[in-house]
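What the coordinates show
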Amino acid sequence: MNSSACISLTEVTKVFKTGLLKTKTAVDNLNLEVPAGEVVGLLGPNGSGKSTTMKMILGFLKPTLGEILICGESSNNISARAYIGYLPENPRFQKFLTGKEILIYYGKLLGLQGTHLKNRIELLFELVNLKHAAFERVQGYSKGMTQRLAIAQSLLNQPALLIFDEPMSGLDPLGRIEMRNLISTIHAENPKTTIFFSSHVLEDVETLCKSVALLQKGKLKTYTSIESLISSDQQKYDIVIKNLSPSLELELFGKNTSKSVATGKSFSIEGPERLSWVISQLLKTPAQIIGITGQRRQLEEALFKASEVFTKTEMPA
Ligand SMILES: Nc1ncnc2c1ncn2[C@@H]1O[C@H](COP(=O)(O)OP(=O)(O)OP(=O)(O)O)[C@@H](O)[C@H]1O
Ligand SMILES: [Mg+2]
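Residues numbered from 1 in each chain as written. Chains lettered and ligands numbered in written order. Predicted model: local features only at pLDDT ≥ 70, side-chain atom pairs only at ≥ 80, totals over all residues. Heavy atoms only, no water.

With that settled, the discussion passes to the sheet that holds strand S2 (residues 23-35). Pairing in this open sheet of 4 strands is antiparallel, and the strands run S2-S1-S4-S5 from one edge to the other. This sheet does not close on itself; its edge strands, each paired only once, are S2 and strand S5 (73-74). Here 2 bridges tie strand S4 (residues 65-70) to S5, and the two strands are oriented antiparallel to one another. The residue of S5 that forms the bridge with Leu-69 is Ser-74. Those strands touched by helix H1 (residues 50-58) are strand S1 (5-17), S2 and S4, and its axis lies near 115° from that of S1. (Pairing = 2+ DSSP bridges. Helix = DSSP H or I, 4+ residues; strand = E, 2+ residues; numbered from the N terminus. Contact = heavy atoms within 4.5 Å. Axes fitted to C-alpha atoms, helices over the stretch in contact; angles between N-to-C directions.)

Let us look at the pairing of S4. Note on strand geometry: in a regular strand, side chains alternate between the two faces of the sheet. Where S1 meets S4, 5 bridges bridge the pair, whose relative direction is antiparallel. Considered in S4, the bridge of Thr-13 is made with Leu-65. The antiparallel pairing of S4 with S5 creates a hairpin that spans 2 residues between the two strands, and Cys-71 there sits at a positive phi of about 45°.

Turning our eyes to something else, we now look at the coordination of the magnesium ion (ligand 2). Looking at the magnesium ion (ligand 2), the protein donor atoms are Ser-51 (OG) and Glu-89 (OE), and they sit 2.0 to 2.3 Å from it. Residue Ser-51 is located in helix H1, and its partner Glu-89 is located in the loop between strand S6 (84-87) and helix H2 (99-109); the two are separated by 38 residues in the primary sequence. By relative accessible area, Ser-51 is classed as buried at 14%. When its relative accessible area of 30% is taken as the criterion, Glu-89 is described as partly exposed. (Donors = N, O, S within 2.8 Å, 3.2 Å for Na, K, Ca; no water. Buried < 20%, exposed > 50% of the residue type's maximum accessible area, 1.4 Å probe, protein only.)

Moving on: the domain arrangement of the protein. By the assigned domains, the protein splits into domain 1 (5-229) and domain 2 (236-294). Between the C-alpha centres of domain 1 and domain 2 the distance comes to 41 Å. (Domains from an automatic or database assignment.)

What follows is the structure, encoded as structure tokens:
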């Protein structure tokens, strides 16, 4: 094992008994090392084994075969759990308690007390943007607020490893963005903390993670850095421009390359160097840049090629 690995799975298999003579292999000979301090995304369609993998890392399920080490300690040891903060797939809390009472309860279970616990809770309410609802009963919390409270709970004892099982699931677009921002703030404020989270959505993984692991039918199909999936010179961008003179359009983009959009004309540009050059030319003129977005299709294609397993219908949404 690499000494700097925070999670190390060696030939891990989980077989469930599903009937008298029936079994289901949920995780199949999985080898994975997650370095300390990294944000790693676990991607895969429904039933590919993401939650089972996480539950084995947490020690909630025992692998049928193989070994899991957390910060060098076997996941079978209860003491290994002290390193981990966990956000389950569907967090549920005692609905008659307030957010604050819940954090006090879990904090005390972790052995925190007194001023230290009080200060930690205040800081966490601030971090997850729930200060205004600290004294409200959680039965009145929205899905996004419940997820954020669960994240605060997972951070109570400043764990070395955070395991988030689909932190964005069930959230509306704004909630997803808030959750993504929260995870990236947690990472920025705790650069030594390893974050291992699952998702169906490539965009979440792309914006937050350094590396991505792809599971299919319990098998690891790809484990690679986002950077190597798309080398930056292959990256394509869409740029939307207003007030572009026909002569400059011809000079920069050639003939008939634009698409009309509500806010102006949209052009496709390949590579960051060309993008910089186009921007520098536009800035010398009255043309207005309305927006620039990276084309996500690139990463999906790269992942598709790297795994060579996803059919179009199985591609994550
Ligand atoms: N306790 C269990 N008993 C029997 N089969 C199980 C059990 N838990 C999971 N499975 C099966 O193992 C496979 C992997 O399930 P898992 O929940 O790990 O998938 P997942 O990738 O988290 O899916 P999702 O994206 O839907 O959350 C599925 O086929 C599931 O039905
Ligand atoms: Mg799951």
